Amino acid sequence: MMYIEGQWVLECGGDLPVNHGASWELLLEAASIESSPAKDLFLQEERVRILPEGSALRILMDVRDWSSISDEQVKYLLHWEGAYPRPFLHPSPDHRFVEVHLSSPSPHQSTFLSSDRGGLWLRVQGVSAIGLGCSGVTLPACLSARPAQSLNHAYTVLSEIFEPWRTSHTGSVYRHVFYREADGSWHPLRLLRDSYLSEKSHQIAHELWQQMLHRSAKDITNNDRA
């Protein structure tokens, strides 16, 4: 579609054949939006720490081949305990979890994260997550003598040990990495991400509403003066 003289029309020409009151999701290139305070809200980037240094995380593994796993390594494979929310994961007999911890940052990470303390940061632009920032990730010594540089790195290291059957040792950390809530239950990181984005969406909606009220009050004042 194209926006021409205040109306949405089909790109090939003609009116848009939709019912009155129809709603849809609108995706636009940022460059196509006129400069305004509203545009700035959606383009503003920030980095927020969602987990502190020392936090325990559990990484999901699909263990199908036990022949290459040592007795020492087996000790760090945690069974499904029923504490995880089933809407996010359907357990199988092959699922195991490995617990890791967020450690202190390296000098390079401290510079990138602008912090001397470790943890996990969510990078956000407007109401969209654009990445994660992470300090070191400590794994059990028999799995890795050195801290992983990120959650993706930690996942790869563990997958190479416990999932040798896979052709690729990458995956979504939002789905495969779990964090612990105050009640002791474990949830996938995507729940923590979505919770913050929902809060951010409400903040931006409130700010846009305030901008609209301010413009309306200003227009009324100008009309009264005229």
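Residues numbered from 1 in each chain as written. Predicted model: local features only at pLDDT ≥ 70, side-chain atom pairs only at ≥ 80, totals over all residues. Heavy atoms only, no water.

Moving on, we get to the pairing of strand 4 (residues 56-62). Most of strand 4 sits inside the fold, with 7 of its 7 residues counted as buried. Judged by which residues are buried, strand 4 turns out to be covered on both faces: Ala56, Arg58, Leu60 and Asp62 on one side and Leu57, Ile59 and Met61 on the other are all buried. Here strand 4 runs beside strand 5 (residues 95-102); their pairing, made up of 7 bridges, is antiparallel. Bridged to Arg58 within strand 5 is Glu99. Where strand 4 and strand 9 (residues 177-180) come together, 3 bridges link them in antiparallel fashion. By the bridge assignment, Leu57 is partnered in strand 9 with Tyr179. (Buried < 20%, exposed > 50% of the residue type's maximum accessible area, 1.4 Å probe, protein only. Helix = DSSP H or I, 4+ residues; strand = E, 2+ residues; numbered from the N terminus. Pairing = 2+ DSSP bridges.)

Summed over the entire model, instances satisfying the criterion amount to 1 aromatic pair. Taking the centre distance of 5.6 Å and the plane angle of 80 degrees together, the rings of Phe97 and Phe178 count as edge-to-face. With Phe97 in strand 5 and Phe178 in strand 9, this pair connects stretches of sequence that are 81 residues apart. Take Phe97: its relative accessible area is 0%, and that puts it in the buried class. One residue, Arg47, lies across the ring of Phe112, its end atom 4.9 Å from the ring centre. The cationic tip of Arg64 hangs over the ring face of Trp165; the distance from NZ or CZ to the ring centre is 3.8 Å. (Phe/Tyr/Trp six-rings, centres within 6.5 Å; stacked < 30°, edge-to-face > 60°. Lys NZ or Arg CZ within 6 Å of the ring centre and 35° of its normal.)

Right, let's get into the nonpolar core. Counting 34 residues, the largest nonpolar core has Val137, Leu151, Leu158, Phe162 and Leu189 as its most contacted members. Listed by contribution, the elements that provide at least two residues to this core are strand 3 (45-52), strand 4, strand 5, strand 6 (119-125), helix 4 (151-162), helix 5 (173-176), strand 9 and helix 6 (189-225). Not counting residues within four places of it along the chain, the set of residues in contact with Leu151 comprises Leu57, Leu120, Cys134, Val137, Val173, Val177 and Leu189. Counting 5 residues, the second largest nonpolar core, distinct from the first, contains Ala56, Leu60, Phe178 and Trp186. (Core = buried A, V, L, I, M, F, W, Y, C linked by side-chain atoms within 4.5 Å. Contact = heavy atoms within 4.5 Å.)

Here we come to the sheet that holds strand 5. Reading across from one edge, 8-5-4-9-10 is the order of the 5 strands in this open sheet, with antiparallel pairing throughout. Of all strands in the sheet, those bounded by a partner on one side alone are strand 8 (137-138) and strand 10 (186-188). Most of the contacts of helix 4 go to strand 4, to which it runs at about 40 degrees, and overall it touches strand 4, strand 5, strand 8 and strand 9. (Axes fitted to C-alpha atoms, helices over the stretch in contact; angles between N-to-C directions.)

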